[in-house]
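# What the coordinates show
Spelled out, the chains give:
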Amino acid sequence: MMDDLKTRLKEMLTSGAIGMVIGYGQKEIYMADGSREYRTCPVFLSRDTEIDRLVWNRHCVQNLVTYLTKEEYKESGKIALMVKPCDLKAIHVLEQEKQIDRKRLFIIGLTCKGVMAEKMGIDEGHLAGKCIKCLDSSGKSSAVCTPDEADIVIETLPDGDMPPKGKDISSDLEGFEKMPSEKRWAFWQNQFLKCLRCYACRSACPMCYCEQCICDMSRPQWIDKSPHLKGNFLFHIVRAFHLTGRCVGCGECERVCPMGIPLMLINQKMIDTVKDLYGYESGKDPEQAPLLSQFKMDDDQSFIK
Amino acid sequence: MKKIKDKPQESEDLLLEKDRLWQPRIVAFLCNWCSYAGADLAGTSRIKYNPQIRIIRVPCSGRVNPLFILRAFIDGADGVLVSGCHPGDCHYSTGNYFARRKFALLKRLIEFCGMDERRIHFSWVSAAEGSKWSQVVNDVVNAVYQAGPFTGFDLPVFSKETEIETPADLCKQGPERFAYSIDLMSRTGKK
Ligand code: SF4
Ligand code: SF4
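Counting of residues starts from 1 at the beginning of each chain's written sequence and follows it residue by residue. Written order determines the labels here, with chains lettered from A and ligands numbered from 1. Residue-level local features of this predicted model are given only where pLDDT is at least 70; pairs of side-chain atoms are given and counted only at 80 or more, and the full residue set underlies all totals for whole chains, interfaces and linings. Side-chain metrics in this entry use all non-hydrogen atoms of the structure; hydrogen atoms and water are not considered.

## Brief notes about the overall build of chain B
Assigned secondary structure in chain B consists of six helices and four strands. Secondary structure elements of chain B, listed N to C terminal, follow the sequence α-β-α-β-α-β-α-β-α-α. Relative to its full complement of 191 residues, chain B shows a buried share of 47%. For chain B, the share of sequence-separated contacts (at least 6 apart) that also reach a separation of at least 24 residues comes to 79%. Runs of H or I in DSSP of at least four residues are treated as helices and runs of E of at least two as strands, each being numbered from the N terminus. For each residue, the accessible area found with a 1.4 Å probe, counting protein chains only, is set against the maximum for its type, and the residue is called buried under 20%, exposed over 50%, and partly exposed in between. By definition, residues are in contact when any of their heavy atoms lie within 4.5 Å.

## Brief notes about the packing of helix 7 (residues 229-242) of chain A against helix 4 (residues 95-112) of chain B
Relative to each other, helix 7 of chain A and helix 4 of chain B sit at 135°, their axes nearing to 11 Å. It follows from the interaxial angle that helix 7 of chain A and helix 4 of chain B lie oblique. Viewed along their axes, helix 7 of chain A and helix 4 of chain B form a crossing whose handedness is right-handed. Here I237, A240 and F241 of chain A of helix 7 of chain A lie close against helix 4 of chain B, whose contacting residues are K102, L105, L106, L109 and I110 of chain B. Of the residues assigned to the contact of helix 7 of chain A with helix 4 of chain B, the class counts are seven nonpolar, no polar and one charged. Under this scheme, a helix contributes an axis fitted over its contacting stretch, all axes are lines through C-alpha atoms, and angles between N-to-C directions fall in the 0 to 180 degree range. Any angle from 65 to 115 degrees is called roughly perpendicular, while one under 35 is roughly parallel, one over 145 is roughly antiparallel, and all others are oblique. Take the far helix as your reference; a near helix turned counterclockwise from it by less than a right angle gives a left-handed crossing, and one turned clockwise gives a right-handed crossing. Each residue gets one label: Ala, Val, Leu, Ile, Met, Phe, Trp, Tyr, Cys and Pro are nonpolar, Asp, Glu, Lys and Arg are charged, and the others, such as Gly, are polar.

## Describing the site of ligand 2
Each residue is tested against the molecule or strand, and it is near if at least one of its non-hydrogen atoms lies within 4 Å. Close to ligand 2 lie C195, L196, R197, C198, Y199, A200, C201, H236, C257, P258, M259 and I261 of chain A, which account for all nearby residues. Partitioning the shell around ligand 2 into residue classes produces 10 nonpolar, one polar and one charged.

## Thoughts on helix 2 (residues 87-96) of chain A
Residue and element names in this part refer to chain A. By the criterion of burial, helix 2 is predominantly enclosed, with eight of the 10 residues buried. Restricting attention to buried positions, one finds in helix 2 the residues D87, L88, A90, I91, H92, V93, L94 and Q96. Packing partners of the buried residues in helix 2 comprise strand 1 (20-30), strand 3 (79-83) and strand 4 (105-109). K98, located one to two residues past helix 2, shows a positive phi value of around 60°.

## Some points on the side chain of R100 of chain B
Within the secondary structure, R100 of chain B sits in helix 4. Neither His nor the chain ends contribute to the count of charged residues, in which Lys and Arg are positive and Asp and Glu negative. We define a salt bridge as a side-chain nitrogen of Lys or Arg found within 4 Å of a carboxyl oxygen belonging to Asp or Glu. Nearest to the buried, unbridged R100 of chain B among oppositely charged side chains is D299 of chain A, at 4.3 Å. In terms of polar contacts, R100 of chain B uses its side chain to reach the backbone carbonyl oxygen of M297 of chain A, at 3.1 Å. Once residues lying within four places of it in the same chain are set aside, the contact partners of R100 of chain B are Y278, K296, M297, D298, D299, D300, Q301, F303 and I304 of chain A together with P87 and W124 of chain B. We define a polar contact as two N or O atoms separated by no more than 3.5 Å, with the added condition that, inside protein, one atom must be a possible hydrogen donor and the other a possible acceptor, whereas residues neighbouring each other in sequence contribute only through side-chain atom pairs.

## With respect to the pattern of salt bridges
Under the definition given, this model contains 18 salt bridges over all chains. For D151 of chain A, the salt bridge is made with R102 of chain A, and the minimal N-O distance between the two is 3.6 Å. With a gap of 49 residues between them, D151 of chain A in the loop between helix 3 (129-138) and strand 7 (152-153) and R102 of chain A in the loop between helix 2 and strand 4 connect regions that are remote in the sequence. For D151 of chain A, a relative accessible area of 37% puts it in the partly exposed group. With a relative accessible area of 24%, R102 of chain A lands in the partly exposed category. K284 of chain A serves as the salt-bridge partner of E281 of chain A, at 3.9 Å between the closest nitrogen and oxygen. Given the relative accessible area of 58%, K284 of chain A is considered exposed. Within this structure, D224 of chain A together with R71 and D75 of chain B form a network of salt bridges that share partners.

## Let's talk about the domain arrangement of chain A
Interface size is often expressed as the accessible area that is lost when the parts come together. All names here are of chain A. The domain architecture assigned to chain A consists of domain 1 (2-154) and domain 2 (169-293). Averaged C-alpha coordinates put domain 1 and domain 2 at centres separated by 24 Å. Listed by partner, the interface residues are 23 residues for domain 1 and 28 residues for domain 2. Between domain 1 and domain 2 the total buried area reaches about 2100 Å² when both faces are included, carbon and sulfur atoms providing 51% of it. Looking at the side of domain 1 facing domain 2, the largest losses of area belong to Q96, E97 and K119, adding up to 26% of the total buried there. On the surface where domain 1 and domain 2 come into contact, there are one salt bridge. The shortest N-O distance in the salt bridge between R246 and E97 comes to 2.8 Å. For the domains described, the bounds stem from an automatic or database domain assignment. The term buried area means the drop in 1.4 Å probe accessible area that two parts suffer when joined, counted for both and summed.

In structure tokens form, the structure reads like this:
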């Protein structure tokens, strides 16, 4: 199946039907003990001779949808994109917010049975949190892109065994919410104090596409730029709030954070809250109106005096 | 040149005295058309209420960016109140309906982060509700009094006692909080 895809992509590239393929490619990393291991990294291919670099395996954890809104790829013609079933949600949100033109996109839908949790190129040795959620909720052992959303569907599963499940962030969430509020505040103080303000979380997020982020504004300067507690706290609350009702839970922000801040804890809380209060799930349907630009007459107002 | 002397250590009595004299600082965002007029009515009807509230007039409760509320806390407020027209009475028809969603989500978010729920309040006060306004202000001031001064942005002191155990021991706390990255660095790297 992968071979069919490669031939087809080569044809499309030579005929000019697509301008670029964004997919997963292999990379080699060196471990501390001198051994070599293979991981994947995003590759951007615009020549047919390069197409053989594409791979599909359980290390393909990145959400490539992020690149669609980047300035560099807006000019490169039609883009063929390798998309896992969970990444489709991010495409839906971008469509809903009129950030991408579906006609400029050729979606290669993958069939997935879970990818590895990974941190800065290091395997954590178990399934990513989002995969545990996805597979548990569907009750199946694999997830498929449906053909009406994808332009071409790859039905072969990646080789290799399923990694062990590991822990899921939402089970932590319940216990976390039971802690007294001072403890929770102290926990986030400690976490946010670590933040370097490298904005890797912002760069990796498919939903953070603003050309001028409020964190970079200096007139007025809402959010202090230096990495101290006040600025960091504000940055993180604003980041979480701007993604409320938009975050699709892809886990990229947490994966790329060099300081190991558990950003998914706060994201998952907001995903649950939105579902609980308004029955809204982000990325479910490209046609629905964004959460904060709609209202219902009977929205909850029990907290308002 | 004059030498700057070290500040004398504050005695315990003085600190207690300071505590007693502490007054909450509360920032209130009022919409121009209802709540601000309501507060005005309370004034002209000579209704007494607690004076610890600083009013900022905004065109509509929908104009209140959640960032305003957070920024107020950063800049030293102990509590925040946001007040607008009752649903259906908005001068711009639907501003407060949109605001209601934002406020519900913001409240859940910052309470999840551990903010005391007594510090953040929302109310609907119409231009005719002068007495409701005074009641709301008194309630808010009382609640913030009970919550005490807001010290959430003071730097935490790391010691064994402040070590936090989370249910799943999510991440390392205290002085070893950088251990995570160091651990990662030791696991990779070219030879
Ligand atoms: S906030 Fe994190 S989990 Fe949510 S969409 Fe962005 S990168 Fe993905
Ligand atoms: S990636 Fe991590 S350290 Fe960098 S800005 Fe985001 S939270 Fe802070």
